[in-house]
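# Architecture and fold: a report
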Number of protein chains: 2
Amino acid sequence: MERPAAEMEESWIANADSWIRTVRAGGIASRRLVTDAAVVEAVAARSPRRALDLGCGEGWLARALAARGVEVAGIDGSAPLIEAARRAGGGSFVVLGYDELAADPAGAAARMGSDHDVVVANFALLHEDVAPLLRALRHLIAPGGALIVQTVHPASVPAPYRDGWRVEGFRGFGEGSGEDEASAWAPMPWFFRTLGSWLTLLRSSGYRLEDLREPLHPETALPLSLLLTASPEQP
Amino acid sequence: MERPAAEMEESWIANADSWIRTVRAGGIASRRLVTDAAVVEAVAARSPRRALDLGCGEGWLARALAARGVEVAGIDGSAPLIEAARRAGGGSFVVLGYDELAADPAGAAARMGSDHDVVVANFALLHEDVAPLLRALRHLIAPGGALIVQTVHPASVPAPYRDGWRVEGFRGFGEGSGEDEASAWAPMPWFFRTLGSWLTLLRSSGYRLEDLREPLHPETALPLSLLLTASPEQP
């Protein structure tokens, strides 16, 4: 594994407690204002019976979907986050790394099911080499099902507008939560992708783009996220 | 026709002389540095025998393609621009408004030919109701051919990030050309479209996106344009 990818995965273990407190307190304004509702709506619009929450973290999205009657399985590489998700309930949660899933799609399908109407990744595709994972996920999607990806809007990130690793310092996360912000977080490397690269990634991984939405900040009217719905191409 | 669309079309008659002088002097930095070469390369990459230059203006792109052995026809709604294109040569140039083309695709195909390997619109889709034009253009594209659109990159325009009419004042155009800038130009209304709206427009007009490029400014590393290649869907 590349060094930044390993650091990124470690950050989700190191930051687990801060993350759980922040997310559950609504401490990330863009999520509270816009992107949480946007991804729930995008999934719900497909009226799924079963959904797989990829990189589910502490499980808020799984719980939101379960509250709408969806049967949800969540996977994440961070054991402490999965532990927190299990305690909160709402779905079945499994520690499963992306590399493991990508290396053995048939095994993952046997374990998690191959009949998910939606696989959803909410700000959860943060590494560089995502194509093997996306190709593997096709084994877990039911016929007629879809992959839904919410991610950072490429226009919302400072130049250079080029694919590459960036670092999230979590400044401003958890404002008002009483958290000692600066000291509480390990920086997280994440891989920035241009719009063109996102579309190329989907195509080269065997998906066809069905829908692209750009939820806006209600005050600045700037796009807060890119919300992609794609269906596996017929082989 | 809507008022801003009419004003926009009128601006291309009122501004014809300023536009011709500016474009021919290389007075628009983004074009000189990046986007001119990007659109020529995108068209040439398909090795077309025949191309239709939609909104050809004074004809620079037609001449650049003709120099590469492409047989080019250019159409534009502005008579003075077509007159300038004819004088400079390099292709066959016809005054033809978009509304006229959209209203009678069969007539346009009879007049211009139905066997264009590429129809290219370089910063030339500036009105709101573009779908009828794009649907009509399918009659002019040869089997296996493509529509290539270069347009303003949505991320390069100030908020709000919402479809709507904007006004180009041509400030900074023709810098260094000795032009009296402020007085020489009539403002041009143009319709801003988000990325999602561009993709929806293509899909709803009967095209499938084949390629999306985002040429960058060499110094700021910000995207200067959106360069879309789309092919007519099989009916």
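Everything in this summary refers to the structure shown in the same document. (Residues numbered from 1 in each chain as written. Chains lettered and ligands numbered in written order. Predicted model: local features only at pLDDT ≥ 70, side-chain atom pairs only at ≥ 80, totals over all residues. Heavy atoms only, no water.)

## Observations concerning the overall build of chain A
Quick note on the threshold: Helix and strand assignments follow DSSP, with helices taken as H or I runs no shorter than four residues and strands as E runs no shorter than two, numbered in order from the N terminus. Our radius of gyration is a C-alpha quantity, and the globule rule it is checked against amounts to 2.2 Å times the number of residues to the power 0.38. Only protein chains enter the calculation, and the probe is 1.4 Å; a residue is then buried if its accessible area is under 20% of its type maximum, exposed if over 50%, and partly exposed in between. The contact rule is simple, with two residues in contact once any of their heavy atoms fall within 4.5 Å. Reported accessibility uses the Shrake-Rupley method at a 1.4 Å probe radius. Residues are deemed covered only where the shown protein chains occlude them. Counted as positive: Lys and Arg. Counted as negative: Asp and Glu, with His and the chain ends omitted from the count. Lysine's charge is taken at NZ, arginine's at CZ, aspartate's at CG and glutamate's at CD.
Helix and strand counts for chain A stand at 10 helices and nine strands. The C-alpha radius of gyration computed for chain A amounts to 17 Å, which stays within 12% of the reference 18 Å derived for 235 residues, consistent with globular compactness. Expressed along its principal axes, the backbone C-alpha trace of chain A runs to roughly 50 × 40 × 35 Å. Classification of the 235 residues of chain A by burial places 54% in the buried group. Taking as baseline every contact in chain A between residues at least 6 positions apart, the subset at least 24 positions apart corresponds to 68%. For chain A, the computed accessible surface area is about 10,000 Å², with 51% contributed by carbon and sulfur atoms. Taken as two groups, the 22 positive and 30 negative side-chain charges of chain A have centres that lie 3 Å from each other.

## Remarks on unusual backbone geometry
Residue and element names in this part refer to chain A. In this structure, the amide linkage connecting A159 to the following residue, P160, adopts the cis form with an omega of 5°. The topology assignment puts P160 in the loop between β5 (141-152) and β6 (164-168). Although it is not a glycine, S47 sits at a positive phi angle of roughly 45°. Checked against the element boundaries, S47 lands in the loop between α3 (29-44) and β1 (50-54).

## Digging into the sheet that holds strand β8 (residues 207-213) of chain A
Within a beta sheet, neighbouring strands are joined by backbone hydrogen bonds and run either parallel or antiparallel to one another. Residue and element names in this part refer to chain A. To be explicit about the condition: At least two bridges found by DSSP between two strands is the condition for calling them paired. Angles here are taken between N-to-C directions and fall from 0 to 180 degrees, while the axes themselves are lines fitted to C-alpha atoms, restricted in helices to the stretch in contact.
As summarised here, the arrangement of the seven strands in space is β3-β2-β1-β4-β5-β9-β8, forming an open sheet in which the pairing is mixed. In this open sheet, the two strands that pair with only one neighbour each are β3 (92-95) and β8. Taking each pair of neighbouring strands and ignoring which way they run, the sheet shows an average axis angle of 20°. Where helix α7 (residues 105-112) meets the sheet, it contacts β1, β2 (71-76), β3 and β4 (116-122), and its direction lies at approximately 150° from that of β3.

## A closer look at the pairing of strand β9 (residues 225-232) of chain B
Residues and elements named next belong to chain B. Most of β9 is tucked away, with eight of its eight residues classed as buried. Pairing analysis gives six bridges linking strand β5 (residues 141-152) to β9, with the strands arranged antiparallel. Bridging from a neighbouring strand, Q150 pairs with L227 of β9. Of the pairings in the sheet, the one linking strand β8 (residues 207-213) to β9 comprises six bridges and is antiparallel in character. The residue bridging R213 from the neighbouring strand is L227, located in β9.

## A short note on the packing of aromatic side chains
Residues and elements named next belong to chain A. To keep things clear, this is the line we draw: In summary, the pairing rule links any two rings of Phe, Tyr or Trp, Trp by its six-membered ring, whose centres are within 6.5 Å, and it sorts them by plane angle into stacked for under 30 degrees, edge-to-face for over 60 and tilted for everything else. The rule for a charge over a ring is simple: NZ of Lys or CZ of Arg within 6 Å of the ring centre, and within 35 degrees of the ring normal.
Counted by the stated rule, this structure contains 12 aromatic pairs over all chains. Seen in terms of ring centroids, F170 and W185 are 4.3 Å apart; in terms of plane orientation they differ by 15°. Their pairing is stacked. A residue pair is termed long-range when its members are at least 10 positions apart, and F170 in the loop between β6 and α9 (181-184) and W185 in the loop between α9 and β7 (188-192) qualify at 15 residues. By relative accessible area, which is 7% here, W185 ends up buried. Counting every residue linked through ring pairs, the aromatic cluster contains W12, W19, F170 and W185. Across the ring face of W198, the terminal group of R193 is positioned such that the distance to the ring centre comes to 5.1 Å.

## Some details on the nonpolar core
For clarity, the cut-off: Working definition of a nonpolar core: buried Ala, Val, Leu, Ile, Met, Phe, Trp, Tyr and Cys residues. They are joined through side-chain atoms within 4.5 Å.
Residues L54, L125 and L137 of chain A together with L54, L125 and L137 of chain B are the most contacted members of the largest nonpolar core, which totals 148 residues. Each residue touching L54 of chain B, except ones within four places of it in the same chain, is listed here: I75, Y98, L101, V119, V120, A121, N122, A124, L125, L133 and L137 of chain B.

## So, the relation of the copies chain A and chain B
Inclusion rule: Copies are brought into register by a least-squares superposition over C-alpha atoms of residues with pLDDT of at least 70 in both.
Structural alignment of chain A on chain B gives an RMSD of 0.0 Å, achieved by rotating through 180° and translating 0.0 Å along the axis. Given the turn and translation reported, the copies of this chain are related as if by a two-fold rotation axis. Closest to the rotation axis within chain A is the C-alpha of A155 of chain A, separated from it by 2.6 Å. A shared interface surface links the copies, since 100% of the contact residues of chain A are contact residues in chain B too.

## Overview of the packing of helix α2 (residues 16-24) of chain B against helix α5 (residues 79-88) of chain B
Residues and elements named next belong to chain B. The cut-off we apply is this: Roughly parallel here means an angle under 35 degrees, roughly antiparallel means over 145, roughly perpendicular means 65 to 115, and every remaining angle is called oblique. It is the rotation of the near helix from the far one that decides the hand of a crossing: anticlockwise by less than a right angle makes it left-handed, clockwise makes it right-handed. The residue classification treats Ala, Val, Leu, Ile, Met, Phe, Trp, Tyr, Cys and Pro as nonpolar and Asp, Glu, Lys and Arg as charged. All others, Gly included, are polar.
Closest axis-to-axis distance for the α2/α5 pair is 9 Å, and the angle between their directions is 40°. In terms of orientation, α2 lies oblique with respect to α5. α2 and α5 meet at a crossing whose hand is right-handed. Here A16, W19, I20 and R24 of α2 lie close against α5, whose contacting residues are P80, L81, A84, A85 and A88. Of the residues assigned to the contact of α2 with α5, the class counts are eight nonpolar, no polar and one charged.

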